[in-house]
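# Commentary on secondary and tertiary structure
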Amino acid sequence: MEQAAEEAIQQLSALMDQVDATLKSEFEIMHQGYRAETMARFLKARDWNVDRAHKMLVDSLNWRIQNDIDEILSKPIVPTDLFRSVRESQLYGMSGFSKDGIPVFALGVGRSSYDKASVHYYVQSHIQINEYRDRVVLPAASKKHGRPIHTCIKVLDMTGLRLTALSQMKQILTTISTVDDLNYPEKTETYYIVNAPYVFSACWRVVKPLLQERTRKKVQVLNGCGRDELLKIMDPSSLPHVCRKEGSGSSRRSTNSDSVDDCYSAEHWFHQEMYNYMKRQSEATEDSVAPIKQGSFHVAVPEPNPEGSKVKIVKTIEAEVHKIADQNGLEDSVKGLELGN
C-alpha cells in the first residue's frame, strides 16, 4: 500500500502542476509547505482514486478563492457580545494537547443549541477555528515537536443529547459537516465519544459495522466521561472539562470561576488567543482609525450527495432508534444526525 500511495501522490502532483496559476497559488497557501501530506489527505478521502481526489482538491481550492477563506481570520465576529453568544450556543473549543503534541478539541454535541445567531455566524466561527488550527496551532505544534503534526483529536461530549433537537438543527449540522468533509478532509486522527446516553450507544453498535474500516478505527465510544482512557494519551491539564469527573457534563454557560477551565467558554485561553489574533489581523488589513465592521462571513456550501454513505448510515440509525423507542417508550427521533469523517 505504501508504494501505491506514493504513486498516487505522484500522479496527483502531476495533475496539480497543470492547474492555472491562481489555483497553484491557493494550493501553496493551503498546504503551507506540506504539499505531499495535503494531497495524501484528499486521496484518503477519495479512497486513493486519483481523478476523484484531483476533482475534490480543485473544487476545494475554488471554494476557498470564491469565498475569500484566506481572509476569514481577519473577520472577527463583532461586537464581542455576539461573539460570546455564539460561544455559548456552539460549544466547541481546544482544551490542550495530547502527550504526542496533537491538539485536543472538545465539542458539546448534546447541549449546543445554535439558537443565538444566524447560521452564517456559526459557519463562520467553525471555519475560523479550522483555519486557526491549520495556520497557527498545527504549525506551532510541529515546530515545538520537530515533526509534522497535521491532525487533531476530537472529544464529542453527548451530555444532554436529545435526538429531536438534532433534527431541529439539521440545516446547521449538515452545513458544517459538508464544509469539513469537502474542504478539511482527514484532519481528525481520532474521535472519542463520551457521556453517551443509552440510545446512542445502542445505535452505535448497529452502525459501526456499516462504516468503512478507516472511519471505524477513528471512532471510540468510551465509558462514562472517558477520563481514565483519555488520561492514557493526555495530561490532566489537557483533559476537557467535561471529562474530569463522572457526571460533570457540559454546560451552556460557565460561571466566572469555571470559565478558565471550560474550553467552550469565550473566556477560555484558546478562544481569547484566537479572537485577539483575528483582531490584530483585522487591524493590519484595514484603516487603523476605522472600527471593525459587523457582519457575518457568508460562505457558499455545496449540497451533500443524497446517495452518499452518510445518508444510508443515518437512515439505518433512524430505523434502529425507532425500534429502541418502541421497546423503551422513548419519543426522540434521529432525523438529521450527521456522522463526520
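These numbers come from a predicted model, not from an experiment.

## Looking at the overall build of the protein chain
Looking only at helices and strands, one finds 13 helices and five strands in the protein chain. In the protein chain, which comprises 341 residues, the share counted as buried stands at 49%. For the protein chain, the share of sequence-separated contacts (at least 6 apart) that also reach a separation of at least 24 residues comes to 76%. For the protein chain, the accessible surface area stands at approximately 16,800 Å², while carbon and sulfur atoms represent 48% of it.

## A look at the side chain of Ser89
By secondary structure assignment, the location of Ser89 is in helix α5 (residues 80–89). In this structure the side chain of Ser89 is engaged in a polar contact, spanning 2.8 Å, whose partner is the backbone oxygen of Ser85.

## What about the environment of Ser112?
Along the chain, Ser112 falls in the loop between β2 (103–108) and α6 (119–145). Expressed as a C-alpha distance, the spacing of Ser112 and Gly160, which sit 48 residues apart in the sequence, is 9.3 Å. Not counting residues within four places of it along the chain, the set of residues in contact with Ser112 comprises Ser89, Gln90, Leu91 and Met169. Among the polar contacts listed, one links the side chain of Ser112 to the backbone nitrogen of Leu91, at a separation of 3.0 Å. At 2.7 Å, the side chain of Ser112 forms a polar contact with the backbone oxygen of Gly108.

## Some words on helix α8 (residues 170–183)
Look at α8: 20 Å from first C-alpha to last across 14 residues, which is about the 20 Å you get at 1.5 Å a residue. With 10 of 14 residues buried, α8 is to be regarded as a mostly interior element. Burial in α8 covers these residues: Ile172, Leu173, Thr174, Thr175, Ile176, Ser177, Thr178, Val179, Asp180 and Asn183.

## Regarding the nonpolar core
Residues Ile69, Ile127, Ile172 and Phe270 are the most contacted members of the largest nonpolar core, which totals 45 residues. For this core, the element with the highest residue contribution is α6, accounting for seven residues. Excluding residues that lie within four positions of it along the chain, Phe270 makes contacts with Gly93, Met94, Phe105, Ile129, Tyr132 and Val137.

## Overview of the packing of helix α1 (residues 2–16) against helix α3 (residues 35–45)
One way to put it is that α1 packs onto α3 with a least axis distance of 10 Å and a crossing angle of 105 degrees. The angle between the axes of α1 and α3 places the two elements in the roughly perpendicular class. Of the residues in α3, those in contact with Ala8, Ile9, Leu12, Ser13 and Met16 of α1 are Arg35, Ala36, Met39, Ala40 and Leu43. Its residues assigned to classes, the contact of α1 with α3 shows eight nonpolar, one polar and one charged.

## A short note on the packing of aromatic side chains
Counted according to the given criterion, the structure contains eight aromatic pairs. Taken together, a centroid distance of 5.1 Å and an interplanar angle of 80 degrees make the contact between Tyr114 and Tyr122 edge-to-face. Like Tyr114, the residue Tyr122 is buried in the burial classification. Here the aromatic residues Tyr92, Phe105, Tyr132, Trp269, Phe270 and Tyr277 are joined through ring pairs into a cluster of three or more.

## Examining the state of the cysteines
Overall, the coordinates contain zero disulfides when judged by the stated rule. Summary of cysteine pairing: Cys243 is not part of a disulfide, and the nearest cysteine sulfur, belonging to Cys225, is at 5.9 Å. Classification of Cys243 by relative accessible area gives buried; the value is 0%. Unpaired in terms of disulfides, Cys263 finds its nearest cysteine sulfur in Cys243, a separation of 8.7 Å.

## A few points about the packing of α1 against helix α4 (residues 50–66)
Following both chains from N to C, one finds α1 and α4 inclined at 45 degrees, their axes separated by 10 Å at the closest point. With respect to each other, α1 and α4 are oriented oblique. The interaxial crossing formed by α1 with α4 has right-handed handedness. For the pair α1 and α4, contact is made by Ala8, Gln11, Leu12, Leu15 and Met16 and by Val50, Asp51, Ala53, His54, Leu57, Val58 and Leu61, respectively.

## Focus: the pairing of strand β1 (residues 92–97)
Buried residues dominate β1, accounting for five of its six residues. Both β1 and β2 contribute to a ladder of five bridges, which runs antiparallel. Within the sheet, the bridge partner assigned to Phe97 lies in β2 and is Pro103. A loop of five residues connects β1 with β2, the two strands running antiparallel in sequence, and Gly101 in this loop sits at a positive phi of about 85 degrees.

What counts, and at which threshold
Residues numbered from 1 in each chain as written. Predicted model: local features only at pLDDT ≥ 70, side-chain atom pairs only at ≥ 80, totals over all residues. Heavy atoms only, no water. Helix = DSSP H or I, 4+ residues; strand = E, 2+ residues; numbered from the N terminus. Buried < 20%, exposed > 50% of the residue type's maximum accessible area, 1.4 Å probe, protein only. Contact = heavy atoms within 4.5 Å. Areas by Shrake-Rupley, 256 points an atom, 1.4 Å probe, with all protein chains shown as cover. Polar contact = N/O pair within 3.5 Å; in protein donor to acceptor, adjacent residues only side chain to side chain. Expected span 1.5 Å × (residues − 1). Core = buried A, V, L, I, M, F, W, Y, C linked by side-chain atoms within 4.5 Å. Axes fitted to C-alpha atoms, helices over the stretch in contact; angles between N-to-C directions. Parallel < 35°, antiparallel > 145°, perpendicular 65-115°, else oblique. Nonpolar A, V, L, I, M, F, W, Y, C, P; charged D, E, K, R; others polar. Phe/Tyr/Trp six-rings, centres within 6.5 Å; stacked < 30°, edge-to-face > 60°. Disulfide = S-S within 2.5 Å. Left-handed = near helix turned anticlockwise from the far one by under 90°. Pairing = 2+ DSSP bridges.

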